[in-house]
Amino acid sequence: MKVLLLFGLVAVALADITRFEGEKVFRLKPVLDEHVTLIKDLANSIEVDFWRPESAELVTIDIDVDIHVPAMYLDMVYTILQQNDMEHEVLIEDLQAAVDGQSDNRPSPRAHSYTKYNSWDKVQTWIASISSSNSGLISKQVIGNTYEGRPMTVLKLGKRSSSTKPAIFMDCGIHAREWISPAFCQWFVKEALSTYGSDSQMTSLLNEMDIFVLPVFNIDGYDYTHKSNRMWRKTRSRRSGSSCIGTDPNRNWNAGWCTIGASSNPCSDTFCGYKPESEIEVKNVADFIRRNKSIIKAYITVHSYSQLLLFPYSYTYELAAHHSELLKVAEGASAALRSLYGTRYTSGPGAATIYPAAGGSDDWAYDLGVKYSYTFELRDTGRYGFLLPESQIKPTCEETMLAVKYIAAYVQKNLY
């Protein structure tokens, strides 16, 4: 009886997991206005999950458009593409196979691993153990809870000091499905602690500055991608009057809020929320940065995918006041990253480099007065998209480490 009961529970748990058998990811190449209109009409008529850009509104001529199409609509999509002579390729033949292929098939360690995509439970356990591993260099602080009540813990890295030190704030995992992002924050913490004392740059950095790391920003969404739907992007907040769940936490900041490249439709993946900072996670982080505004000199936020290093602005095409310096630093950081495995990044202001999008955290931090504000879009450029295999965690983190250290060293020498 017990065995049957157990199987029953397993079946119930499995029943809640979204499957993607036979679903495909296409790359469309619109070269005519009609193509753009077509893609927008398609998005209005069927369920299309935009991978890049992040919504139909952002589609323009001559940008690659990566979309995830459910199996039931494939025949229709193929017909439309052929009838309208739009160039396209299939990036992912079977999305479920790609989801299954993310893990490197080694038996999953029960414990936390820096080269695996760790569940939230494992990350939480890791936060507790790493923060007590070296009290002279690391401490933790809960800055609030998520919508579903999970604690948001910021790790503070830096040599203990009686005086206040200038700081850098870095967050990962604003978007739930971008799993390589939290993997990088965990890797960064490990590297900082393990190379302090042997790596002169890291030693100097942690002696003179503090680095605040939020390993997973959108914890509720991240947990949901592990347990229910791998392709979830938003938070998990609910509001009476709408059956749709969640807000895009990177459209919810008070920076040109909801004016461009964001949606006021609660069902959209780029929903900007009901007001700026309507999402408790965004408010918690914004409050923390505001409280520490006098010491925070750089803000770094890590996303995927596209291999980009972006800086303000995204909510306007106007150049930032410090544009040339921000570009110079971004290009230096990209060169440092490329030096390891030859991975090419493009750098520039968000709106002009990819597309306009209002309500982003980097623009908000910059307008608050944090001059060195950067967004990383990690590997790759679309072959795997959000489903980067675990075998690429180590090289991705190693090369990204060089770019982040480059930015940090520059900030350290150019305090303001």
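Note that this is a predicted model, so its numbers are computed, not measured.

**Student:** Hey, could you run me through the overall build of the protein in this one?
**Tutor:** The number of helices and strands found in the protein is 13 helices and twelve strands. Sorting the 416 residues of the protein into buried and exposed places 58% on the buried side. Taken as a whole, the protein presents about 17,300 Å² of accessible surface, with 52% of it coming from carbon and sulfur. Measuring between centres, the 42 positive side-chain charges of the protein sit 10 Å from its 48 negative side-chain charges.

**Student:** I tried to follow the packing of helix α7 (residues 200-208) against helix α13 (residues 393-413) on my own but got confused; where do I start?
**Tutor:** Packed helices, taken two at a time, are described by the angle their axes make and the gap between the axes. Viewed as axis vectors pointing N to C, α7 and α13 meet at an angle of 50 degrees, and their least axial separation amounts to 11 Å. Viewed along their axes, α7 and α13 adopt a mutual orientation that is oblique. In the packing of α7 onto α13, the handedness of the crossing is left-handed. Across the interface between the two elements, Q201, M202, S204, L205 and E208 from α7 touch M401, K405, Y406, A408, A409 and Q412 from α13.

**Student:** Can you walk me through the pairing of strand β1 (residues 24-29) in this structure?
**Tutor:** Remark: a regular strand shows side chains that alternate across the two faces of the sheet. In terms of burial, β1 is largely enclosed, as five of its six residues are buried. Here β1 runs beside strand β4 (residues 87-92); their pairing, made up of five bridges, is antiparallel. Bridge pairing in β4 places F26 opposite V90.

**Student:** So what exactly am I meant to see when it comes to the nonpolar core here?
**Tutor:** Soluble, globular proteins show a tendency: their nonpolar side chains are buried together. In terms of nonpolar packing, the biggest core is built from 83 residues, with L157, F169, F184, F188 and F376 touching the most fellow members. For F188, the contacting residues outside a window of four places in its chain are L157, M170, I211, V213, M401 and V404.

**Student:** Even after reading the chapter, I still don't get the state of the cysteines, so can you show me in this structure?
**Tutor:** Scanning all chains against the criterion turns up three disulfides. Here C172 connects covalently by a disulfide to C185, the sulfurs 2.1 Å from one another. Judged by the sign of its S-S torsion, about 80 degrees, the bond between C172 and C185 is right-handed. Residue C172 is located in strand β7 (residues 167-172), and its partner C185 is located in helix α6 (residues 180-195); the two are separated by 13 residues in the primary sequence. With respect to class, C172 is no different from C185; both count as buried. Paired through a disulfide, C244 and C267 show a sulfur-sulfur distance of 2.0 Å. Its torsion about the S-S bond being 90 degrees, the disulfide of C244 and C267 is classed as right-handed. Pair noted here: C244 is in the loop between α8 (219-227) and α9 (280-291) and C267 is in the loop between α8 and α9, with a separation of 23 residues, a long-range link. Judged by relative accessible area, C244 falls into the partly exposed class, the value being 22%.

**Student:** Any chance you could explain the pattern of salt bridges here in plain terms?
**Tutor:** Charged atoms that come close allow side chains of opposite charge to pair. Summed over the entire model, instances satisfying the criterion amount to 26 salt bridges. In this structure, D220 engages R150 in a salt bridge whose closest nitrogen and oxygen atoms are separated by 2.7 Å. Highlighted residues: D220 in helix α8 and R150 in the loop between β5 (138-145) and β6 (151-157), separated in sequence by 70 residues. The shortest N-O distance in the salt bridge between E399 and R379 comes to 2.7 Å. Highlighted residues: E399 in helix α13 and R379 in the loop between β12 (372-378) and α13, separated in sequence by 20 residues. By relative accessible area, R379 is classed as buried at 10%. One network of salt bridges, in which partners are shared, links R27, K29, R52, D64 and D66.

**Student:** What am I meant to see in the packing of aromatic side chains here?
**Tutor:** The full count for this structure, using the stated rule, is 20 aromatic pairs. Considering the side-chain rings of Y114 and W126, the 6.3 Å spacing of their centres and the 85 degrees angle between planes classify their relative orientation as edge-to-face. Of this pair, Y114 sits in the loop between α4 (95-100) and α5 (120-131) while W126 sits in helix α5, and the two are twelve residues apart along the sequence. On the accessibility criterion, Y114 (22% relative accessible area) is partly exposed. Relative to F288, the ring of F169 has its centre 5.8 Å away and its plane inclined at 45 degrees; by these criteria the two rings are tilted. With F169 in strand β7 and F288 in helix α9, this residue pair connects regions lying 119 residues apart in the sequence.

**Student:** Please explain the environment of V329 as it appears in this structure.
**Tutor:** Looking at where V329 falls in the secondary structure, it is placed in helix α10 (residues 323-341). Classification of V329 as buried rests on a relative accessible area of 1%. Sequence spacing of V329 and T79 is 250 residues, and the spatial spacing of their C-alpha atoms is 46 Å. Once residues lying within four places of it in the same chain are set aside, the contact partners of V329 are Y374, Y406, I407 and Y410.

**Student:** Any chance you could explain a nonpolar patch on the surface here in plain terms?
**Tutor:** Together, L340, Y341 and L402 make up a nonpolar patch on the protein surface, roughly 260 Å² of accessible area in all. The topology assignment puts L402 in helix α13. Judged by its relative accessible area of 30%, L402 falls in the partly exposed class.

**Student:** Help me understand α7, please; the structure alone is not making it clear to me.
**Tutor:** By the burial criterion, the buried members of α7 are M202, T203, L205 and L206. For α7, the angular spread of the buried residues around the axis is 165 degrees, confining them to a single face. You can read the cap of α7 off the contacts: a side-chain oxygen lies 3.1 Å from the backbone nitrogen of Q201, and it is on D199.

**Student:** I tried to follow helix α3 (residues 74-83) on my own but got confused; where do I start?
**Tutor:** Each full turn of the α-helix corresponds to 3.6 residues, which orients residues three or four apart in the same direction. Along α3, the positions that sit buried rather than exposed are L74, V77 and L81. The buried residues of α3 occupy an angular sector of 65 degrees when the element is viewed end-on, so they sit on one face. Exposed and facing more than 90 degrees away from the buried side of α3 are D75, Q82 and Q83. The elements touched by buried residues of α3 are β1, α2 (33-45), β3 (65-69) and β4. Looking at the residues trailing α3, positive phi occurs at D85, about 55 degrees.

Rules and cut-offs
Residues numbered from 1 in each chain as written. Predicted model: local features only at pLDDT ≥ 70, side-chain atom pairs only at ≥ 80, totals over all residues. Heavy atoms only, no water. Helix = DSSP H or I, 4+ residues; strand = E, 2+ residues; numbered from the N terminus. Buried < 20%, exposed > 50% of the residue type's maximum accessible area, 1.4 Å probe, protein only. Areas by Shrake-Rupley, 256 points an atom, 1.4 Å probe, with all protein chains shown as cover. Lys, Arg positive; Asp, Glu negative; His and termini not counted. Charge placed at Lys NZ, Arg CZ, Asp CG, Glu CD. Axes fitted to C-alpha atoms, helices over the stretch in contact; angles between N-to-C directions. Parallel < 35°, antiparallel > 145°, perpendicular 65-115°, else oblique. Left-handed = near helix turned anticlockwise from the far one by under 90°. Contact = heavy atoms within 4.5 Å. Pairing = 2+ DSSP bridges. Core = buried A, V, L, I, M, F, W, Y, C linked by side-chain atoms within 4.5 Å. Disulfide = S-S within 2.5 Å. Salt bridge = Lys/Arg side-chain N within 4 Å of Asp/Glu carboxyl O. Phe/Tyr/Trp six-rings, centres within 6.5 Å; stacked < 30°, edge-to-face > 60°. Patch = residues over 30% accessible without salt bridge, like charges linked within 9 Å, V, L, I, M, F, W, Y side chains within 5 Å. Arc of directions from axis to C-beta. Polar contact = N/O pair within 3.5 Å; in protein donor to acceptor, adjacent residues only side chain to side chain.

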